[in-house]
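# Understanding the architecture of this molecule
Here is how the chains run, residue by residue.
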Amino acid sequence: MIAVLGLVVGVVIGLLVAPDVPEWAQPYLPIAVVAALDAVFGALRAFLDGIFDDKVFVVSFVSNVLIAALIVYLGDQLGVGSQLSTGVVVVLGIRIFTNMAAIRRHIFRA
């Protein structure tokens, strides 16, 4: 419950303050958000399955964001940044939809 409250407060503050993202971070922010969403939906699925561990969630959250940003950075250095960004979004998108399907099955028993 505290995590959900923190998420809501963070979103509200972000909307009210509307911070500027530095130009160097702009290519990485969307990928980091998708990676973070993957970790959050994975945590929700684990919670509903009764196997949630907060330490695993924190490590998953941080490592997902860092690895996704590293892949995009390496793609930029190799000159194929957009292709690797697309690949990262596709893979994480598949994971998000897989987790959402499991969450839906758990909630609606369908």
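Quantities reported herein were computed from a predicted structural model and do not represent experimental measurements. Residue numbers restart at each chain and count upward from 1, following the sequence in its written direction. Per-residue local features of the predicted model are confined to residues with pLDDT of at least 70, and side-chain atom pairs are confined, for both listing and counting, to 80 or more; whole-chain, interface and lining totals are unaffected and use all residues. Values shown for side chains rest on all heavy atoms present in the structure; no hydrogens or waters enter the calculation.

The next point concerns the environment of P27. With respect to the helices and strands, the residue P27 is situated in the loop between α1 (2-17) and α2 (29-49). Taking the C-alpha atoms as reference points, P27 and Y73, separated by 46 residues in sequence, lie 8.9 Å from one another. Think of it this way: any DSSP run of H or I at least four residues long counts as a helix, any run of E at least two long counts as a strand, and we number them from the N terminus.

A few words now on the packing of α2 against helix α3 (residues 54-78). Axis definition: a line fitted to C-alpha atoms, over the contacting stretch in the case of helices. Angles run 0 to 180 degrees between N-to-C directions. In the contact formed by α2 and α3, the axes pass within 8 Å of each other and the chain directions differ by 155°. Relative to α3, α2 is oriented roughly antiparallel. The element α2 and its partner α3 pack so that their crossing is right-handed. Where α2 abuts α3, its residues I31, A32, A35, A36, D38, A39, V40 and A43 lie against F57, S60, F61, N64, V65, A68 and V72. Amino acids outside the nonpolar list (Ala, Val, Leu, Ile, Met, Phe, Trp, Tyr, Cys, Pro) and the charged list (Asp, Glu, Lys, Arg) are all regarded as polar, and Gly is one of them. A breakdown of the residues in the contact of α2 with α3 according to their chemical character gives twelve nonpolar, two polar and one charged. For classification purposes, angles smaller than 35 degrees are called roughly parallel, those larger than 145 roughly antiparallel, those between 65 and 115 roughly perpendicular, and all remaining angles oblique. Definitions for this section: a left-handed crossing has its near helix turned counterclockwise from the far helix by less than a right angle. A right-handed crossing has that turn clockwise. Residue contacts are counted whenever heavy atoms from the two residues lie within 4.5 Å of one another.

UniProt positions are given in the numbering used here, feature names are shortened, and annotations may be inferred rather than shown by experiment. The UniProt entry lists residues 29-48, 55-74 and 80-98 under the feature "transmembrane region" (unreviewed entry), expressed in the numbering used here. With 95% helix and 0% strand, residues 80-98 has end C-alpha atoms that lie 27 Å from one another.

Moving on, we get to a nonpolar patch on the surface. A contiguous nonpolar patch, built from V4, L5, V8, V9, V12, I13, L16 and V17 and spanning about 750 Å² of accessible area, is present on the exposed surface. Positionally, V17 belongs in helix α1. In this structure V17 comes out as exposed when scored by relative accessible area, which is 56%. Patches were defined on residues exceeding 30% relative accessible area and lacking a salt bridge, with like-charge contacts within 9 Å and nonpolar side-chain contacts (Val, Leu, Ile, Met, Phe, Trp, Tyr) within 5 Å. All accessible areas in this document rest on Shrake-Rupley with a 1.4 Å probe, and a residue is counted as covered only by the protein chains that are shown. Salt bridges are defined as contacts in which a side-chain nitrogen from Lys or Arg sits within 4 Å of a carboxyl oxygen from Asp or Glu. Burial classes follow relative accessibility: with a 1.4 Å probe on protein chains only, a residue under 20% of its type's maximum area counts as buried, one over 50% as exposed, and anything between as partly exposed.

On to the packing of aromatic side chains. Aromatic ring pairs are defined here through the distance separating the ring centres and the angle between the ring planes. In summary, the pairing rule links any two rings of Phe, Tyr or Trp, Trp by its six-membered ring, whose centres are within 6.5 Å, and it sorts them by plane angle into stacked for under 30 degrees, edge-to-face for over 60 and tilted for everything else. In total, this model carries two aromatic pairs according to the counting rule given. Arranged with centres 6.2 Å apart and planes meeting at 45°, the rings of F52 and F57 form a pair that is tilted. Look at F52 and you get partly exposed, because its relative accessible area is 37%. With a relative accessible area of 24%, F57 lands in the partly exposed category. When the centroid spacing of 5.8 Å and the interplanar angle of 55° are considered together, the rings of F57 and F61 count as tilted.

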